[in-house]
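Architecture and fold: a report
Letter by letter, the chains look like this.
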Amino acid sequence: MELVMRAPLLALTLFAAAAAAQDHKPLRPATAEERAARAAVTIADYRYDDLLWENDRIAYRIYGRALEAAEPPSSSGIDAWGKRVRWPYMDRQLRTGDQHADHGEGLDFYNVGTGRGVGGLGIWYDNKLWTSRNYVRPEILSAGPEVADFKVDYDPWPVDTVRTVRETRRFTLPAGTSFTRMVSTIGSDDDAELVVGIGISKRPTGGGQPGEVTRDAAASRLSWWGPADGDKGRMAAAVIVDPAAFAGFAEDADNILILVRVRPGRPFVYYAGAAWDRGGDFATHGWWQAYVDRQRPDFRPPPDFRPPGAGP
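Comments concerning the environment of Phe282
Take Phe282: it is sitting in the loop between β18 (268–276) and α5 (285–294). Overall, Phe282 belongs to the buried group, its relative accessible area being 5%. Along the chain, Phe282 and Ala236 lie 46 residues apart, while their C-alpha atoms are 9.0 Å from each other. Not counting the four nearest positions on each side in its chain, Phe282 is found in contact with Arg57, Ser178, Trp225, Ala275, Trp276, Asp277, Trp287, Trp288 and Tyr291.

Structure (structure tokens):
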């Protein structure tokens, strides 16, 4: 009797497994043209408007508004994918339906959750980080082959009951670096100075283990070396801000944070970077930290940068 009762359950399990397998496709090999590129930007309209950008070192993703309803909780944090090839792979990987598996070119195993991921931001007020919803109104400035460059908006969100803010941010990732250059302009219905918190998620890999955090106040840098996540390896992250605007470090339940002072309506620059220890560039914590320490970023916003709607 026990075998008879188990048979339908076994059949259902095998059917579900077969159906799931059918949803997954093999990773399409890169074409010769794709292999020649060193950077790319793609809006994945087939996957809730995920916005993907990458170069020859690392790969990132931010989330569209459609994902908020489809897969809550979603956030305006920044995702990072490990990659081991020097050409774009994110779009092809996502189209397999199984981006969390390593098909030979890399994988997505960093979990943003409700945190800031790698360099997402919010307004730090009353010991709390007030964050936006997901991105809107993307504008791609360069989709490669040597630089990934685009802008997005973040619609108005409240900071407690004291003010409302909004953001336009430009993301620029040229070939040969692990750091995306961010130019952010925070608008507000109040002209008073803001403190912006730029974060790294506390436990995005490794089954909830915290990893190793380095806070360098003198150079205004925050870096993280993640724990091993089974056979997937380790992720690393860092945020670098302008020492002239540095306002300290903080943390909340989801994030470790570096703080900067910002004037509403004035662009400010920061850098957010990530790495995978199996990507061929940073196999150890020491290598990653030395790379972060060697950075000499330019914090001057581009002279021609204007938020959308700002006029000529």
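Having seen the structure, we can now continue with the description.
What about the pairing of strand β9 (residues 147–159)?
Judged from the 5 bridges that link them, strand β8 (residues 136–143) and β9 form a sheet pairing that is antiparallel. Bridging from a neighbouring strand, Ile140 pairs with Phe150 of β9. The turn joining β8 and β9, which pair antiparallel and follow one another in sequence, is formed by 3 residues; a positive phi near 115° is taken by Gly144. Relative to strand β10 (residues 163–174), β9 runs antiparallel, the two sharing 11 bridges. Of the residues in β10, the one forming a bridge with Phe150 is Phe171. Connecting β9 to the next strand, β10, in antiparallel fashion are 3 residues, including Asp160 with a positive phi near 55°.

Considering the packing of aromatic side chains
All told, the structure shown has 14 aromatic pairs when counted by the stated rule. Aromatic side chains Trp53 and Tyr60 sit 5.4 Å apart centroid to centroid with 25° between the ring planes, which places their arrangement in the stacked category. For Tyr60, a relative accessible area of 1% puts it in the buried group. When the ring of Phe179 is compared with that of Trp288, the centres are 6.1 Å apart and the planes differ by 10°; the resulting orientation is stacked. Placement of Phe179 in strand β11 (residues 179–188) and of Trp288 in helix α5 is noted, with a sequence separation of 109 residues between them. Among the residues examined, Phe179 registers a relative accessible area of 3% and is labelled buried. Of the aromatic side chains, those joined through ring pairs into one cluster are Trp53, Tyr60, Phe150 and Phe171. Over the face of the ring belonging to Trp87 we find Arg35, whose NZ or CZ atom lies 4.2 Å from the ring centre. The ring centre of Trp130 lies 4.2 Å from the NZ or CZ of Lys128, which sits over that ring.

About the thresholds
Residues numbered from 1 in each chain as written. Predicted model: local features only at pLDDT ≥ 70, side-chain atom pairs only at ≥ 80, totals over all residues. Heavy atoms only, no water. Helix = DSSP H or I, 4+ residues; strand = E, 2+ residues; numbered from the N terminus. Buried < 20%, exposed > 50% of the residue type's maximum accessible area, 1.4 Å probe, protein only. Contact = heavy atoms within 4.5 Å. Pairing = 2+ DSSP bridges. Phe/Tyr/Trp six-rings, centres within 6.5 Å; stacked < 30°, edge-to-face > 60°. Lys NZ or Arg CZ within 6 Å of the ring centre and 35° of its normal.

So yeah, pure geometry; function would need other evidence.
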